[in-house]
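Structural overview
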Amino acid sequence: MASAMILAAGLGTRLRPLTDELPKPLLWLGDRPLVAHIAGQLAAGGVRRAALNKSHLAERFTRDLLAAFPLPVEVLHEPEPFGTAGGLANAAGALGDGDVVLWNGDILIDLDVAALRAAHGERGAAATLAVAPRPAGEGTVGVGGRGEVVRLRGERFGEEVAGGDFVGVQVVGEALRRRLPPRGCMVGDVYLPWLREGRPLATFAAPAVWHDIGTLAAYLAASARWLAQRGLPSYVGPGASVAEGVDVTGSVVGAGARVEGAGALRGCVVWPGARVAVGVDAGAPGERAVVTTQGRVVRAAS
């Protein structure tokens, strides 16, 4: 059975104060949390079961939230984050043997999961990293003539013909899963030692456009792309209300939210259930801001 793991135990420190209310993978993106978009892509790519690790604000991963996912997800609690490699090691019992799709829970990308899995199987690789293309010498990964990893974190393992950015999605095979440490990083503690031994890792060509939602600006950019992909000038969720005097442009207003006052709301995200008044005082949102359910207004740097 095809399995996957969503890494969701990070602290999200660069996104505070948003992540004081929600873990990064649960940030609202359009009509659902980011992690729900990931689960949908995994299911569409033939994955039939998944695990998800949680640590920071673990209680936010509710039973109702998980029940809405299109595939069964077993949630594993980590009292403190075990790291990307340690999290996968800890999920061995939930995932069983064989290859596992490993997806960082703060990554939004339109990736063909079925094609990634197929490419991994055809290559017989220990792991296959999804890499967005860049010119040779650029990005976080160097790619050789056979699509193998020849540069990673500045270390070189062969002749580079193309560069790229590792997008935080990969397939990890059984041989590498047996080497996972109980705590540690997939790149630093697993992939680099493997490459230093002269063993190959494969790459898979990922879309050039993707979002690592680690900053407020990246979060707002991902929200804008969600609207653009659907041809929507804005989105107002079920049960939300927007006052007649508010001009909503390029913004997402979550379910049950209330936007009052008069003025413009441009390039903003209003979380479900939030209450906010536009144009009332200096603390009101206008452009490129996030309004949390608890009423925080967080602006992106200009």
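Read on for an overview of the structure. (Residues numbered from 1 in each chain as written. Predicted model: local features only at pLDDT ≥ 70, side-chain atom pairs only at ≥ 80, totals over all residues. Heavy atoms only, no water.)

Some thoughts on the sheet that holds strand S16 (residues 241–242)
Hydrogen bonds along the backbone pair up the strands of a sheet, which may run parallel or antiparallel. To keep things clear, this is the line we draw: Strands qualify as paired when DSSP identifies two bridges or more between them. Secondary structure is summarised from DSSP: a helix means a run of H or I of at least four residues, a strand means a run of E of at least two, and numbering begins at the N terminus for each.
In spatial order, the strands read S16-S19-S22; together these 3 strands make up an open sheet with parallel pairing. Each edge of the open sheet carries a strand with a single partner, namely S16 and strand S22 (275–278). Where S16 lies against strand S19 (residues 258–261), 2 bridges are found, and the strand directions are parallel. Within the sheet, the bridge partner assigned to Ser 241 lies in S19 and is Arg 258.

Some thoughts on the side chain of Ser 55
Filter applied, for reference: By definition in these notes, contact holds between two residues if any of their heavy atoms fall within 4.5 Å.
As for its placement among the helices and strands, Ser 55 is situated in the loop between strand S4 (49–54) and helix H2 (63–67). When near neighbours in sequence (up to four residues on either side) are disregarded, Ser 55 contacts Ala 9, His 77, Glu 78, Pro 79, Glu 80 and Pro 81.

Focus on the sheet that holds strand S23 (residues 289–291)
Strand order in the open sheet made by the 5 strands is S15-S18-S21-S23-S24, with mixed pairing throughout. Only two strands of the sheet have a single partner each, and these edge strands are strand S15 (235–236) and strand S24 (297–299).

Things to note about the pattern of salt bridges
Should the charged atoms of two oppositely charged side chains come close, the side chains can pair. Keep this limit in mind: Each salt bridge in this description consists of a side-chain nitrogen of Lys or Arg and a carboxyl oxygen of Asp or Glu lying within 4 Å of one another. Burial classes: relative accessible area under 20% of the type maximum marks a residue as buried, over 50% as exposed, and values in between as partly exposed (1.4 Å probe, protein chains only).
By the definition in use, this model includes 16 salt bridges. Asp 20 is the partner of Arg 16 in a salt bridge, and the nearest nitrogen-oxygen pair spans 3.7 Å. The salt bridge involving Asp 106 is made with Lys 24; its shortest N-O contact spans 2.8 Å. Taken as a pair, Asp 106 in the loop between strand S6 (100–104) and strand S7 (107–108) and Lys 24 in the loop between strand S1 (3–7) and strand S2 (28–29) lie far apart in primary sequence, 82 residues in all. Assigned by exposure class, Asp 106 and Lys 24 land together as buried. Put simply, Arg 134, Glu 138 and Asp 165 are held in one network by salt bridges that share partners.

Examining helix H7 (residues 186–196)
Taken together, the buried positions of H7 are occupied by Met 186, Val 187, Val 190, Tyr 191, Leu 192, Trp 194 and Leu 195. Gly 198 sits one or two residues past H7 and shows a positive phi near 80°.

Considerations on the nonpolar core
A general tendency of soluble globular proteins is for nonpolar side chains to be buried together. Note the following rule: Here, the term nonpolar core denotes a set of buried Ala, Val, Leu, Ile, Met, Phe, Trp, Tyr and Cys residues that are joined through side-chain atoms within 4.5 Å.
Counting 50 residues, the largest nonpolar core has Leu 18, Leu 42, Trp 103, Leu 111, Val 169 and Tyr 219 as its most contacted members. Broken down by element, the residue count for this core peaks at 6 residues, all from helix H1 (residues 34–44). When near neighbours in sequence (up to four residues on either side) are disregarded, Trp 103 contacts Met 5, Ile 6, Leu 7, Ile 38, Gln 41, Leu 42, Ile 109, Leu 111, Val 113, Gly 168 and Val 169. With 31 residues, the next largest nonpolar core counts Leu 88, Leu 95, Val 131 and Val 141 among its residues.

Observations regarding the pairing of strand S12 (residues 162–172)
Among the 11 residues in S12, 10 count as buried, and that is most of the element. In the sheet, S6 pairs with S12 via 4 bridges, with the strands oriented antiparallel. Bridge pairing in S12 links Val 101 to Val 171. With 7 bridges joining them, strand S8 (residues 127–134) and S12 adopt antiparallel strand pairing. Considered in S12, the bridge of Arg 134 is made with Gly 163.

Functional significance is not addressed by these values, which are geometric in nature.
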